[in-house]
Structures are given as structure tokens and as C-alpha cells.
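# Structural overview
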Amino acid sequence: MFAKNLYLSIFVVVTLCHLVYGLPRNMVKNTPENIERLANLGPHDLAEELSGQFEGDIILTDEQASLIEGGSTIRQGLVQERFRWKNNIVYYLIEESHFDQAQKEFIREGLDTLEGATCLKFIPYEATVHGPDYIHVIGNESGCFSSVGRVGGRQRLNLQNSYQPAEGCLRIGTIMHEFIHAVGFYHMQSATLRDRYVEIIWDNIEEDKKGNFNKHDFDWVTSFGIEYDYDSVMHYGKYGFAIDSSKETIKPLDPNAEVGQRLELSPKDIQKLNRMYRCAEHPAF
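Residues numbered from 1 in each chain as written. Predicted model: local features only at pLDDT ≥ 70, side-chain atom pairs only at ≥ 80, totals over all residues. Heavy atoms only, no water.

### A few points about the packing of aromatic side chains
- Considering all chains together, one arrives at nine aromatic pairs under this definition.
- Here the aromatic rings of Y125 and Y134 are separated by 3.9 Å at their centres, their planes lie at 10 degrees, and the arrangement is stacked.
- Each ring, one from F213 and one from Y236, has its centre 5.5 Å from the other, and the planes form 70 degrees; the classification is edge-to-face. A residue pair is termed long-range when its members are at least 10 positions apart, and F213 in the loop between β8 (198-200) and β9 (221-222) and Y236 in the loop between β9 and β10 (250-252) qualify at 23 residues. (Phe/Tyr/Trp six-rings, centres within 6.5 Å; stacked < 30°, edge-to-face > 60°. Helix = DSSP H or I, 4+ residues; strand = E, 2+ residues; numbered from the N terminus.)

### Thoughts on empty space enclosed by the protein
- Throughout the structure, instances matching the rule amount to two cavities of 30 Å³ or more.
- If you add up the space inside the largest cavity, you get close to 110 Å³.
- Around the largest cavity sit 13 residues that line it, and R37, D45, L50, G240 and F241 are the ones nearest its centre. (1 Å grid on protein atoms, 1.4 Å probe; cavity = no way out; pocket = protein on both sides within 12 Å on 5 of 7 lines; lining within 4 Å. Points joined across faces, edges and corners; volume = space filled by probe spheres on them.)

### Side note on the UniProt feature "binding site: Zn(2+)" (unreviewed entry) in the protein chain
- UniProt annotation of "binding site: Zn(2+)" (unreviewed entry) refers to H177, H181 and H187 when read in the numbering used here.
- Checked against the element boundaries, H181 lands in helix α6 (residues 172-183).
- When its relative accessible area of 0% is taken as the criterion, H181 is described as buried.
- The buried category is assigned to H187, whose relative accessible area is 1%.
- At a separation of 3.0 Å, a polar atom in the side chain of H187 contacts the side chain of D57. (UniProt positions renumbered as here; feature names shortened; annotations may be inferred. Buried < 20%, exposed > 50% of the residue type's maximum accessible area, 1.4 Å probe, protein only. Polar contact = N/O pair within 3.5 Å; in protein donor to acceptor, adjacent residues only side chain to side chain.)

### A closer look at the state of the cysteines
- Summed over the entire model, instances satisfying the criterion amount to two disulfides.
- Put simply, C119 and C279 are joined by a disulfide, and their sulfur atoms are 2.3 Å apart. An S-S torsion of about -80 degrees defines the bridge between C119 and C279 as left-handed. Taken together, the positions of C119 in the loop between α4 (101-117) and β4 (121-124) and C279 in the segment after α7 (267-276) put the pair 160 residues apart, joining distant regions of the chain.
- Residue C119 is classed as buried on the basis of its relative accessible area, which comes to 4%. (Disulfide = S-S within 2.5 Å.)

### Looking at the layout of surface pockets
- Size it by volume and the second largest pocket reaches roughly 220 Å³.
- Contributing to the lining of the second largest pocket are 13 residues, with H44, G237, K238, V259 and G260 lying nearest its centre.

### Considerations on the environment of D133
- Relative to the assigned elements, D133 resides in the loop between α5 (127-130) and β5 (134-138).
- Among the residues examined, D133 registers a relative accessible area of 11% and is labelled buried.
- Taking the C-alpha atoms as reference points, D133 and K86, separated by 47 residues in sequence, lie 9.9 Å from one another.
- Polar side-chain contacts of D133 include one of 2.8 Å to the side chain of R150.
- A distance of 2.7 Å separates the side chain of D133 from the backbone nitrogen of G153, its partner in a polar contact.

Listed below in C-alpha cells is the structure:
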């Protein structure tokens, strides 16, 4: 009887955690083809597009996955307050054994850039002080990936550690890209009105990756009133998930536009982050 009650109690706790926090599903195992490309990145390759996860680099919670699998869609930034980091403070823990000192300093440089542009604060995590929710930065998995928003408890953010700073997953824009997922944003090219700005070349997209290019439009997320942004660090590159890697899968309708930069935050990236976290209202900003 005791064992039965204990099992029931554990089941209830785990179920409640999934309901309240939306714990992440297990990661998808990356493909040998992606792993090979990650080891030999081409001129058009973005490492985060080669991680094998949803849309390339996203770990979905059960709630997020069920919405998408059920036909519901998402725009770009989460609306619900429960997915945001409380008091605009994001706690993170870098797994010391996964990175050398130069890599750790470069990750912190990415966080310093986000802090300098917003009212978000990225603070090293201490379990006895900061509660259960934090980002665990690891480097021993394949590619670069993150959950979206504060999903509760320890959430993994992987930056493959075989790269030197400014390469692959450790490009400054890619580090910020993954942390922007972690504070609550999806990809730019999934925005509701994207067809006004880009053409998706469906015939050149790998068949099992076409879902990565679905448009999203659901009332639990928003673009915060900001127009489409070719320059966003959250935008796929032109050649993502291509059958023929010399040809585009995303063609900007503005002939002068480029997409997929991973060097710096765009002005609209900064605007969206500040609107999501109400930075203009924040007394320290």
C-alpha cells in the first residue's frame, strides 16, 4: 500500500510539473548528415539550423508541441506572463567542464550585449539562492538549441563546444539567438505576414523539413507591433534546409535585403525584447 501511494504521489507531482511548467520533451537525436555538416560548416551554413530539433534548434514543451501538432500555430514572441523571466532576471549556469575559459568569456560577451540593449539581467545561478528556474548552458550535445521562454526548472541551452569563439554555435549572434529563444521568441520567418516579405522556395526544401517553414498565427504570441525584420538574428538564412545547397529556400522580396546575419542584434530585435519585458517601464532602464 505504501509503495502504491508513493508511486501515485510521484505521478501526481510529475503531472503537475508538466501542467504548470511545460517541461521540455526529450531532444531529437541529430542525424549523421547534420553532424558531418556541423564538423565542416559551409559558407551558407548556420549551425543552429543543423541541430535536428524543431525548426532546427528549438526544444518544445509538451504544451507547445501539442498546440503545433493539433494544428494551432504560433507567431513570434510569447504573450503569457508565465513564460517570461520574473523581474526581468534570467538565471544561467554554464557547465564549467564543457567550455574553456575563452569560450565562457565569449558566451558572457553575448549576454553582456543583450543586457546592454535591454533591461534584462543575466545572473549566474546559485541553487540555494535563486529557486528552481534557470538555463543550463551545455556544450556536449550536437549543434545549438534552446527551449522557448521560461519553461520551469532546469532548461537546456546547448552551444556545441567544438567551435572556437566567433565560429559555429559560438558566433556572437548565435549565442544571442539561442538566449532570445530562451527569453520567449520563435523564428522571424515564421511570422504571420512573412509572405509579404519573403518567398519560400518549397521545391528546394528537404521533404521532412518543410514543417520548419510553416507560418504561425496564434493568439498566445505576438510580434509586439514591430514590422517584419530581414536583419533579425532570429531569421533563417537564405539556404536553410535546402536540397540543393547552392540555391535559396528563402528569397527576400526586397532585392537588396539579406537574411540570416549572426553578428549583432538588429534595432527591431532590441525593440521586441524591450516591449516584451516592458523595459521602458523598468526603473533601472
